[in-house]
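# Understanding the architecture of this molecule
Residues per chain are reported as follows:
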Amino acid sequence: WAGGSTASKASSSTAPVSTNRHRVELVVGGVRFSTSRATLKKYPDSVLAHLLDEGPGEDGVFILDRPGKNFNLVLSFLRDGPEHWMSPSSPEILEALQVEAKCLRLPEFARALDALS
C-alpha cells in the first residue's frame with residue numbers, strides 16, 4: 001500500500017477490512033476512504049486523531065459524520081502539509097474546506113486556507 005487514499009461510495013455490504021494496524025478504513029458522509037493512522041494522527045488535538053482513540057465500528061470501519069465530498073482534500077493536506085498541498089481554485093470548495101477545518105479542529109489547515117483568500 002503506497003499511502004494513497006481511495007474513495008468509493010459505501011455500500012450496504014461489508015467488505016472484509018484489512019487487519020493492517022497502520023491502515024484505516026473510514027466512511028465520511030457515505031464515501032469510503034483508506035489512509036494511514038499516521039495521517040489521521042498528524043494533528044493530535046484534531047477530531048480525526050480522537051476518532052482513532054474511540055475505535056472503529058463492529059465492522060472495523062471508522063465513521064465520521066461529515067460531508068465526504070471534499071474529504072480527499074483534507075487528507076491531501078494532512079499528508080502533504082501546507083508547503084506542498086495543492087489547493088483547489090474554486091471559491092466554493094475553499095469555503096467548504098474552511099468549515100471542515102474548523103469542525104475537524106485543524107487550525108493549521110484553516111490558516112493555510114485563510115492565506116489563499
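Here is what the cut-offs are and how they apply
Within any chain, residue numbers begin from 1 and follow the written order of that chain's sequence. Totals for whole chains, interfaces and linings use all residues, but because this is a predicted model, local features are given only for residues with pLDDT of at least 70 and pairs of side-chain atoms are given and counted only at 80 or more. For the side-chain quantities, the full set of heavy atoms in the structure was used; hydrogens and water were omitted. Segments assigned H or I by DSSP are reported as helices when at least four residues long, segments assigned E as strands when at least two residues long, and all are numbered from the N terminus. Burial classes: relative accessible area under 20% of the type maximum marks a residue as buried, over 50% as exposed, and values in between as partly exposed (1.4 Å probe, protein chains only). Residue contacts are counted whenever heavy atoms from the two residues lie within 4.5 Å of one another. Residues adjacent in sequence count toward polar contacts only when both atoms are side-chain atoms; beyond that, a polar contact is any pair of N or O atoms within 3.5 Å, and within protein one must be able to donate a hydrogen and the other to accept it. Note on terminology: a nonpolar core comprises buried Ala, Val, Leu, Ile, Met, Phe, Trp, Tyr and Cys residues joined through side-chain atoms within 4.5 Å. Here a Phe, Tyr or Trp ring, Trp counted by its six-membered ring, pairs with any other such ring whose centre lies within 6.5 Å, and the pair is stacked when the planes are under 30 degrees apart, edge-to-face when over 60, and tilted otherwise. Whenever Lys or Arg places a side-chain nitrogen within 4 Å of a carboxyl oxygen from Asp or Glu, that contact is recorded as a salt bridge.

### With respect to the overall build of the chain
- When helices and strands are tallied, the chain shows 5 helices and 4 strands.
- Sequence-ordered secondary structure for the chain, helices as α and strands as β, is β-β-β-α-α-β-α-α-α.
- By residue count, 38% of the 117 residues in the chain fall in the buried class.
- Considering only contacts within the chain whose residues lie at least 6 apart along the sequence, 58% involve residues at least 24 apart.

### A short note on the side chain of Glu100
- When you line up the elements, Glu100 lands in helix H4 (residues 91–103).
- There is a polar contact of 2.6 Å between the side chain of Glu100 and the side chain of Arg66.
- Once you skip the residues sitting within four places of it in the chain, Glu100 turns out to touch Arg66, Pro67 and Val74.

### Here we look at the nonpolar core
- Formed by 28 residues in total, the largest nonpolar core has its most connected members in Leu26, Leu48, Phe71, Val74, Leu78, Leu106 and Phe109.
- Among the secondary structure elements, those contributing two or more residues to this core are strand E2 (23–28), strand E3 (31–36), helix H2 (47–54), strand E4 (62–64), helix H3 (71–84), H4 and helix H5 (107–116).
- Counting residues per element, this core draws most heavily on H3, at 6 residues.
- Residues in contact with Phe71, not counting those within four places in the same chain, are Leu26, Val28, Phe33, Leu48, Leu64 and Leu104.

### Re the packing of aromatic side chains
- Under the defined criterion, the tally for this structure stands at 4 aromatic pairs.
- Aromatic side chains Phe33 and Phe71 sit 5.1 Å apart centroid to centroid with 65° between the ring planes, which places their arrangement in the edge-to-face category. Residue Phe33 is found in strand E3, and its partner Phe71 is found in helix H3; the two are separated by 38 residues along the sequence.
- What makes Phe33 buried here is its relative accessible area of 1%.
- On the basis of relative accessible area, Phe71 is assigned to the buried category, the value being 1%.

### Observations regarding the pattern of salt bridges
- Under the definition given, this model contains 4 salt bridges.
- Here Arg32 ties to Glu25 by a salt bridge, and the two come within 3.9 Å at their closest N and O atoms. The same class applies to Arg32 and to Glu25, which are both buried.
- Put simply, Arg23, Glu25 and Arg32 are held in one network by salt bridges that share partners.

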